[in-house]
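# Structure assessment
Take a look at the letters that make up each chain.
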Amino acid sequence: MTDLLRIEIADDSLFGPENLPYGVFAPAAGDFRAGVRIGDSVVDLAVLLDDSTFAQPTLNAFLAQGPGRWREVRDRVRDGVTGEITAAAVHSVDSVRLKLPVTIGDYVDFYASIDHATNLGRLLRPDGEPLLPNWRHLPVGYHGRSGTVVVSGTEIARPTGQRRTPSGTPDFGPTKRLDIEAELGFVIGVGSELGERIPTEEFAEHVFGVALVNDWSARDIQGWEYQPLGPFLGKSFATSMAAWVTPLAALREARVPLPGQDPEPLPYLRERESWGLDLDLAVRWNGELVATPPYRRMYWSPAQMLAHLTVNGASTRPGDLYASGTISGPERDQRGSFMELSWGGSESVAVNGEKRTFLEDGDEVVITATAPGADGRRIGLGEVGGRILPAR
Ligand code: MN
């Protein structure tokens, strides 16, 4: 006989049946497998759907099956979790271990916030134009290091390297300017062949969903090494990603027009229907809320970023990740990096009564986000958090 139960979901839960993010979890005794979060529970999809696609420690095979299958599974899961469900499929979210939900072949990081790019331009080039001439013509980005993308909760050792000093010559040691970047990541489901482009209108045929990202950054290492080829060791030591991928289907109510683009981008970057998203992020530093970056302010949309990423024929694969770049708004408390919040280290940030600029050993940063859901409710994204360990 099978034990049946009903999953209790609080009315104000950010993980109600209109959300249903996917992750990879292991029960207290068992192997990693795919699950969906509902309320404070995780539902084992291999058990619920009796489908071995979900008995793997990665979502890649499911993501590769494409949008028709994503819709079918989402409908079946919604029916399954709101009715009577076999108890063997249900675990408390507090009782499971979580790992990176996808196997990431390639990782790209963009720079799509005009407020962030303007702030950084003012800090790095105080005598020049804040935005470089290309910025309004293309979504600026760089290829990151997929092998060091880690799941939320992974501890981050302070990186060591060549640090820029005021004298103009470097010294060597643990970074003194360890920072965060609050970002939104986009997970590719259906890839594209070498030589093929993904037009903006095919965004939702390829991208499965979103996950919060923290692009840890060592500003003194970055500031010395980044010219002329861009970010390298100041970024590649670790990038944290939420354990839960929220499908685009859950973000229907969050779609908004972009704030506006001037000049109008080249034809391959134009959108018929905008993929602006109305997400509110919250950055907590040792528990204290220090910033609330608004995603709706982003200049470039994720469909434009993907069109640009592939316009030269670069291929993509299931599980590939590209992130938005730091999300900042025009207000001081909307800045998604400590470089901006502390204005290059010149202004302190109050954290539990202490004056701080960059991260200290033992500090913890947790980024959360919510978005409009159906019927005036809100949905939550899985958090991305991490604690800083001393340099090795
Ligand atoms: Mn970044």
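Residues numbered from 1 in each chain as written. Predicted model: local features only at pLDDT ≥ 70, side-chain atom pairs only at ≥ 80, totals over all residues. Heavy atoms only, no water.

Here the focus is the overall build of the protein chain. Tallying secondary structure elements over the protein chain gives nine helices and 28 strands in all. Relative to the globule expectation of 21 Å for 392 residues, the C-alpha radius of gyration of the protein chain, 21 Å, shows essentially globular dimensions. Each of the 392 residues in the protein chain was classed as buried or not, and the buried ones make up 55%. Contacts in the protein chain between residues at least 24 apart in sequence constitute 73% of all its contacts with a sequence separation of at least 6. If you sum the accessible surface of the protein chain, you get close to 16900 Å²; carbon and sulfur atoms cover 49% of it. Taking the average location of the 38 positive side-chain charges in the protein chain and that of its 53 negative ones, the two points are 4 Å from each other. (Helix = DSSP H or I, 4+ residues; strand = E, 2+ residues; numbered from the N terminus. Rg over C-alpha atoms; globule rule 2.2 N^0.38 Å. Buried < 20%, exposed > 50% of the residue type's maximum accessible area, 1.4 Å probe, protein only. Contact = heavy atoms within 4.5 Å. Areas by Shrake-Rupley, 256 points an atom, 1.4 Å probe, with all protein chains shown as cover. Lys, Arg positive; Asp, Glu negative; His and termini not counted. Charge placed at Lys NZ, Arg CZ, Asp CG, Glu CD.)

The next subject is the layout of surface pockets. One way to see where empty space is left: roll a probe the size of a water molecule over the atoms. Roughly 1100 Å³ of volume is contained in the largest pocket. Considering the residues around the largest pocket, the lining is formed by 44 residues, among which Tyr111, Leu120, Leu124, Gln222 and Tyr226 are closest to the centre. When the residues that make up the lining of the largest pocket are grouped by side-chain class, the tally is 19 nonpolar, 13 polar and 12 charged. Estimated volume of the second largest pocket: approximately 510 Å³. What lines the second largest pocket is a set of 23 residues, and nearest its centre among them are Arg74, Leu248, Ala249, Ala250 and Arg252. Among the elements of the structure, helix H3 (67-82), helix H5 (203-206) and strand E16 (207-214) are those that each provide at least two residues to the lining of the second largest pocket. Among the elements that take part in the lining of the second largest pocket, H3 stands out by supplying six residues, more than any other. In terms of residue class, the lining of the second largest pocket is built from 13 nonpolar, one polar and nine charged. The two domains that each donate at least three residues to the lining of the second largest pocket are domain 1 (4-99) and domain 2 (107-389). (1 Å grid on protein atoms, 1.4 Å probe; cavity = no way out; pocket = protein on both sides within 12 Å on 5 of 7 lines; lining within 4 Å. Points joined across faces, edges and corners; volume = space filled by probe spheres on them. Nonpolar A, V, L, I, M, F, W, Y, C, P; charged D, E, K, R; others polar. Domains from an automatic or database assignment.)

This part takes up the domain arrangement of the protein chain. Once the domains are mapped, the protein chain shows domain 1 (4-99) and domain 2 (107-389). One C-alpha centre belongs to domain 1, the other to domain 2, and the line joining them spans 28 Å. The partner domain 2 presents 27 residues to the 27 residues of domain 1 that form the contact. The contact between domain 1 and domain 2 buries some 2000 Å² in all, and 67% of this surface belongs to carbon and sulfur atoms. Contact with domain 2 buries surface across domain 1, with Glu18, Leu63 and Trp70 losing the most and accounting together for 27% of the total. For the pair domain 1 and domain 2, the interface holds one salt bridge. Here Arg377 and Glu18 are joined by a salt bridge, their closest N and O atoms 3.3 Å apart. At the junction of domain 1 with domain 2, the criterion picks out six residue pairs in polar contact (both at pLDDT 80 or more). (Buried area = accessible area lost by both parts, 1.4 Å probe. Salt bridge = Lys/Arg side-chain N within 4 Å of Asp/Glu carboxyl O. Polar contact = N/O pair within 3.5 Å; in protein donor to acceptor, adjacent residues only side chain to side chain.)

Next up on the list: the sheet that holds strand E27 (residues 364-372). A sheet is described by the order of its strands in space; here five strands give the open sequence E11-E28-E27-E22-E23, paired in mixed fashion. Two strands lie at the open edges of the sheet, namely strand E11 (156-157) and strand E23 (288-291), each paired on one side alone. By the bridge criterion, three bridges tie strand E22 (residues 280-285) to E23 in an arrangement that is antiparallel. Within E23, the position partnered with Arg284 by the bridge is Leu289. (Pairing = 2+ DSSP bridges.)

Attention now moves to H3. Here H3 is 16 residues long and its end C-alpha atoms lie 22 Å apart, about the 22 Å a rise of 1.5 Å per residue gives. When H3 is considered as a whole, its buried residues turn out to be Pro67, Arg69, Trp70, Val73, Arg74, Val77, Gly80 and Val81. Buried residues along H3 cover an arc of 145 degrees about the axis, so they all sit on one side. More than 90 degrees from the buried face of H3, the exposed residues found are Arg71 and Asp79. (Expected span 1.5 Å × (residues − 1). Arc of directions from axis to C-beta.)

Mapped onto the elements, Asp220 comes out in helix H6 (residues 219-225). Here Asp220 is buried and forms no salt bridge, its nearest opposite-charge partner Arg163 lying at an N-O distance of 4.8 Å. A polar contact is formed between the side chain of Asp220 and the backbone nitrogen of Lys176, at a distance of 2.8 Å. Setting aside residues no more than four positions away along its own chain, Asp220 makes contact with Gln162, Arg163, Arg164, Thr175, Lys176 and Arg177.

Judged by side-chain charge, Glu193, Glu196, Glu202 and Glu205 come together as a negatively charged surface patch. Assignment of secondary structure puts Glu205 in helix H5. (Patch = residues over 30% accessible without salt bridge, like charges linked within 9 Å, V, L, I, M, F, W, Y side chains within 5 Å.)

With that out of the way, let us pick up helix H4 (residues 114-124). In terms of residue burial, H4 counts as a mostly covered element, since nine of its 11 residues are buried. For H4, the complete set of buried residues consists of Ile114, Asp115, His116, Ala117, Thr118, Asn119, Leu120, Gly121 and Leu123. As for H4, its buried residues are in contact with helix H9 (338-341). The N-cap of H4, judged by a side-chain oxygen 3.4 Å from the amide nitrogen of Asp115 a few residues on, is Ser113.

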